Structures are given as C-alpha cells and as structure tokens.
Amino acid sequence: MAGTALRRRLIWQVAKVSAVTTETASVRTLTLDVPDWPGHQAGQHLDIRLTDEDGYVAERSYSIASAPGEPVAITVERLEDGEVSPYLTDELRAGDDLELRGPIGGYFTWEPEDGGPLLLLAGGSGVVPLRSILRHRERTGSTVPVRLLYSSRTLDDVIYRAELEQPARGVEVIHTLTRHQPPGWTGYARRADMALLAEVAWPAADMPLAYVCGPTSFVETVSQALVQSGYPPERVKTERFGATGGT
Amino acid sequence: MSPVSRGFHRRRQDPAQTAGRVPPGQYVTKDFPVLSAGPTPHTALDGWSFSVGRGGQQKTWSWAEFRALPSEDITVDIHCVTKWSKLDTVWQGVSVDTLLDLAGHDGPFAMAHCDGGYTTNVPVADLTGGQAWVAYAYGGQPLEPEHGGPARLLVPHLYFWKSAKWVRSLELRDTNDPGFWENYGYHIYGDPWREQRYAGD
Amino acid sequence: MEAVDGNAIGGLLHEVFGTEMTGAPSVCGNCGDARPVGELLVYLRAPGTVVRCPTCDNLLMVFVTVHDRMCIDLQGLAVLG
C-alpha cells in the first residue's frame, strides 16, 4: 500500500481550508479538505504554493501534523519577516483555497513495524512530524515505548501542550525550556546537550530508533551527540527546518 | 496559471520612493537576504591573500597589504537575480582599478575565484572605470562571513551573483568562460536593466 | 544561510525522478560517503538548488530552472538510487 503511494504521480491540487486552530500565539494548525488525497505516512510533509494577482509564486513545505487516517492538517509557525507563514497563520480562513501537493517523503517516516524503542527529539516546530508519529502509534495500538524530548523557548511556545500533558500509555514527554521557565519549574532549562541527552535517551544497547527534527543547529548538535553515544547513524533519522525561531 | 491565493501578495514597496531605481521585475527589500550555494567559509585573516593576474604572473596581497591600499566609501543599489533589490547600501573597499593598475595587467575578461569553490566571470571593462571594488566592510562594520567576509567582489551594475563572496583572486583570461551559475544557464553578462537573468534573455 | 536537507526537496526530486527519492541511497563521488538522500545538505535560497555532501561539502546535485526548463547536474554523485 505504502509502496504504491510512493510511485504515484505527484500533482498540484487545490484543497479547502476547513478549520484554523490556534496552538500558540504564533502557531496555527490548518485542517484541510483535500479532494484527491491518497493517504499519507506519519512523518511526511506536503508542499504549499501561493500565487498572487501578478502571478508571483511562493512555495514552502510543511510537515503533516495529523496521523494517517485523520483529516490532513499542517501546523505553521509565523516567522518574523516571513513571506508565506504570516499569510498562512493570520490571513487564511476556513473556506479559502490552498494549492498543495503531497504527501512527500519516505525517509523520515515511521510505521509500527519499524519498531523501537523510539526516541523523538523536537526543536521548536520540529515537533510537528513527531506528533504525527505519536498519533499514528496510538491509533494503531502500537506498544513501542517512546520518549519525546521537546525543546522550546518558553512554556507558552509549546505546541500541542494539552495533548502532550496527557500522553498515551508508554509515551514519556520531557520538556526543556531554554529561554524562560515558569515559577516552580523543576524540568530542564537549557538547550539539549550531551549531558541532557545522556539522561533522557534510551541506551544505545536497546537498539532504539531516533527521529530528530527542528532548526538545523538543533538537529546537528543532537544527532551528533546520539551517534557519539553509540547510536548507529542509520538509526538516527534527521529532518532540518533551516534557521527558524524554534528554540 | 495557478489559482490566485486570496489575500496573498508579495512584500509591497512604495513606488514614489523608488522611481527609476528599481530594474524590471525586482522588488525593494529592507533586509539583506543571505543566499548561498554552500557552507560559509571562515578564512582567518593571517591566511588570507588576494591575487590578480594570469598564469604564473600574479600580484598578491596579504590582508595587511590589501588594507594598506587606498580605499573608498561606496553607496550603491544592489539587485539580486532572485528579484530583491536593496537601495543605498554602504560599503568600503579597494577599487578594482587600483588592483589592476598595481598588478600591471588588463583583460579582456576576468574569472573571480572564491573560498568554497564559487566562480563568476566579468568582462574587465565592467570592473574598471570606477564600477567595481573588492569590499571588506558593509554598513560601517567589517564584512560578516555570511555576507562574504573577509572580502567580496562588488559589481553593483550587474546582478549580484557577479559580486562574488569570499573572493580570493581575479584571474585574467582571453575568453569569457562561464562561472558557476553561468554554467547552469544564468546569463553570461547579467545586466539587471535589460533583465538578463538567463542565457538568451 | 543554514542548510536544510534532502527532505526539503522531496517534492522537487519526485517531480524530476518520478518517484519518492528521500529514502534513496546516495554515494558521494569525492569521499565515498554513503547515506540516504534525506541526509544530504541542501542550500535552497540561491539562484538554484544546491545539494552537498555532509562530510566533505562536495557538490552533488544542482537544479536550476531557466524559464520553463530545469537544468539538472548530478555529476558529483557516484551513486543515486
């Protein structure tokens, strides 16, 4: 099934925005009604294309936030001085059209048969594809143990906060807040470094599977630390979002 | 054409402020986008040199020697082939006229070679007569690595891919051989006022 | 400008090769580094899209769209797919 989906033609099509949900002050989830959606895998993304009246075109990629089987949704962070993200977070409304193509990707995906234990490492909006993986795991009844390390600037920047406060059985969520912590905070309060990862990561001997997603600098630091601690490089999957305001 | 996205528009500019200064197809930006085809080189000044010449006959300056050359303050508009233009950018640099005079060479063509392997070609006639510099400062500060520091070529009358970052030499040649982007179909000359973005334009 | 990785050009590669490519194996023609395309470094904000080896920065792929045509250079790869 997944194999056939990978070999189909990738075409641009027009979807309708069915809902816009506020996640944080600068983050929105757009739920989409896509007429010819072939289904997707957890971890995949789609490409968006915007066209203005003069024919100017802007394209961007966004990870799919929903699990296979759920309505297609993307989560977008408004970037200061961004050309596309402010349009998606502030202007777009339910009923608007949005041109997209997808799903895209086959490297940064997870299926229950891929096993675990799973180590998910999110830097800022890098949590989006990892949340799709978590939801897919729950919907399929997988019992693979999961630890999610989620790095954010402040508690107010945590996306899917309520959902992550009630994780599914077998899922452990560990936050680190790098810029500001609420009074009484007893959790991690710094950027992910080797020492922090040593406390949080599954031991390499457990043959874990790691997915690292977020700003490029976060992904480089974390993936290198995991490999240095004994994770085989082929068991550390990475997706770089470029330099964003994530962490 | 794809369906128009309701309410989407590219960054707007004030036409009154920019009349006559913006080549066709460009929009004015206030920020300074960083575009690169590779990682930012970080070259230590004590290892830096700049050369002009051909074959075995090169004139080379160390950083200290280069900074001792007469330099100028330059205020120019710059135009990137990816459609952004930035007006009134302020630089400090050594005129290529000065460098060519001291090297005792002339054209007809030059290939700029840069740390990281980037190249671009420019006719010597477009590098002389006060049209080009090797710039080491931007906005009153030493040029940052992400914008081409320690020094970059500055040829503002052509599209900005010709203003090669991390420049280390101007190799003089008899033929107008294409550089990195020119090889892939970008225009061999690159005049923004004639919108010469691609070969054949 | 920070690089992204091969995941970011999944759509472009699918368009060019007719199939999903981010999981395809690649080998650098310069240093022999072998890894899936999703792990190659990609520079997007340039006059073209440039793909480099994460180990030695060798130029692996270049995609340039000139009017309605795309120029594709894969010379830097020893193996793709």
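Residues numbered from 1 in each chain as written. Chains lettered and ligands numbered in written order. Predicted model: local features only at pLDDT ≥ 70, side-chain atom pairs only at ≥ 80, totals over all residues.

A.B. asks: When you look at helix 3 (residues 96–103) of chain B in this model, what are you seeing that I'm missing?
C.D. replies: Counting along an α-helix, one turn takes 3.6 residues, and residues three or four places apart therefore face a common direction. Residue and element names in this part refer to chain B. When helix 3 is considered as a whole, its buried residues turn out to be V96, L99, L100 and A103. Buried residues in helix 3, looked at end-on, bunch into an arc of 95 degrees, giving them a common side. Directly after helix 3, the chain includes G104, whose backbone phi takes a positive value near 70 degrees. (Buried ≥ 20, exposed ≤ 12 C-beta atoms within 10 Å, placed from the backbone. Helix = DSSP H or I, 4+ residues; strand = E, 2+ residues; numbered from the N terminus. Arc of directions from axis to C-beta.)

A.B. asks: It is not clear to me how the confidence of the model for chain C should be interpreted in this structure. Could you clarify?
C.D. replies: Atomic detail in the predicted coordinates should be set aside for any region of low pLDDT. For chain C, the mean per-residue pLDDT works out to 95, and 99% of the residues sit at or above 70. Across the whole predicted complex the pTM is 0.93, and at the interface the ipTM reaches 0.95. (pLDDT = per-residue confidence, 0-100.)

A.B. asks: Help me understand the interface of chain B and chain C in this model?
C.D. replies: Listed by partner, the interface residues are 16 residues for chain B and 15 residues for chain C. Looking at side-chain class alone, the side of chain B that touches chain C contains eleven nonpolar, four polar and one charged residues. (Contact = placed C-beta atoms within 7 Å. Nonpolar A, V, L, I, M, F, W, Y, C, P; charged D, E, K, R; others polar.)

A.B. asks: Any chance you could explain the pairing of strand 11 (residues 167–173) of chain B here in plain terms?
C.D. replies: Each regular strand carries side chains that alternate between the two faces of the sheet. All names here are of chain B. Relative to strand 11, strand 2 (residues 49–54) runs parallel, the two sharing three bridges. The residue of strand 11 that forms the bridge with V52 is L170. In this sheet, strand 11 lies alongside strand 6 (residues 109–114) in antiparallel orientation, the contact comprising six bridges. The residue of strand 11 that forms the bridge with A112 is L170. (Pairing = 2+ DSSP bridges.)

A.B. asks: How should I be thinking about the interface of chain C and chain A in this particular structure?
C.D. replies: The accessible area lost on association of the parts is a frequent measure of interface size. Taken together, the contacts link 17 residues of chain C with 19 residues of chain A. Every element with two or more residues in the side of chain C that touches chain A is listed here: strand 1 (4–5) and helix 1 (10–17) of chain C. Among the elements that line the side of chain C that touches chain A, the one with the most residues is helix 1 of chain C, at four residues. Class assignment of the residues belonging to the side of chain C that touches chain A gives a composition of four nonpolar, eight polar and five charged.

A.B. asks: Would you mind going over the pairing of strand 6 of chain B with me for this structure?
C.D. replies: All names here are of chain B. In the sheet, strand 6 pairs with strand 7 (residues 119–123) via five bridges, with the strands oriented antiparallel. Its bridge partner being in strand 7, H113 is matched across the sheet by T119. Taking the residues that link successive antiparallel strands as the turn, the strand 6-strand 7 hairpin has four residues, and the phi of G116 there is positive, at about 95 degrees.

A.B. asks: How do you make sense of the sheet that holds strand 7 (residues 69–73) of chain C when you look at a structure like this?
C.D. replies: Sheet strands associate in pairs through backbone hydrogen bonding, adopting either a parallel or an antiparallel arrangement. Residue and element names in this part refer to chain C. Overall, antiparallel pairing links the five strands, which are arranged 1-4-5-6-7 in an open sheet. Two strands close off the open sheet at either side, each with one partner strand: strand 1 and strand 7. Here two bridges tie strand 1 to strand 4 (residues 41–43), and the two strands are oriented antiparallel to one another. Paired with D5 across the bridge in strand 4 is L41.

A.B. asks: Just to check I follow, could you spell out the environment of A:E59 for this structure?
C.D. replies: All names here are of chain A. Here E59 lies in strand 4 (residues 57–63). Judged by the 16 C-beta atoms lying within 10 Å of it, E59 falls in the partly exposed class. Between the C-alpha atoms of E59 and D47, which are twelve residues apart in sequence, the distance is 6.8 Å.

A.B. asks: Any chance you could explain the nonpolar core here in plain terms?
C.D. replies: Among soluble globular proteins, nonpolar side chains are generally buried collectively. Membership of the largest hydrophobic core comes to 70 residues, with the highest contact counts inside it found for B:A112, B:V134, B:A135 and C:V42. Top contributing element to this core by residue count: strand 6 (residues 59–66) of chain C, with six residues. Setting aside residues no more than four positions away along its own chain, B:V134 makes contact with B:F50, B:G93, B:V94, B:V96, B:L99, B:A151, B:L153 and B:V167. By size, the runner-up hydrophobic cluster in this structure holds 59 residues, among which are A:I64, A:L118, A:L209 and A:A210. (Core = buried A, V, L, I, M, F, W, Y, C linked by C-beta atoms within 7 Å.)

A.B. asks: Any chance you could explain unusual backbone geometry here in plain terms?
C.D. replies: Comment: phi is negative for the bulk of residues other than glycine, and the bulk of peptide bonds are trans. With omega at 5 degrees, the peptide bond leading from A:G116 into A:P117 counts as cis. For A:P117, the position within the fold is in the loop between strand 6 (97–104) and strand 7 (118–123). Look at the link from B:G149 to B:P150: it is a cis peptide, with omega at 20 degrees. In the Ramachandran plot, A:M207 falls in the positive-phi region, its phi being about 55 degrees despite a non-glycine side chain. Considering the arrangement of structural elements, one finds A:M207 in the loop between helix 5 (194–200) and strand 10 (209–214).

A.B. asks: Can you walk me through the domain arrangement of chain A in this structure?
C.D. replies: Residue and element names in this part refer to chain A. Domain assignment breaks chain A into domain 1 (2–104) and domain 2 (112–240). Across the boundary between the two partners, domain 1 contributes 16 residues, which contact 13 residues of domain 2. Put simply, the parts of the chain that give the side of domain 1 that touches domain 2 at least two residues each are strand 1 (13–24) and strand 5 (73–77). For the side of domain 1 that touches domain 2, the per-class residue count stands at seven nonpolar, six polar and three charged. (Domains from an automatic or database assignment.)

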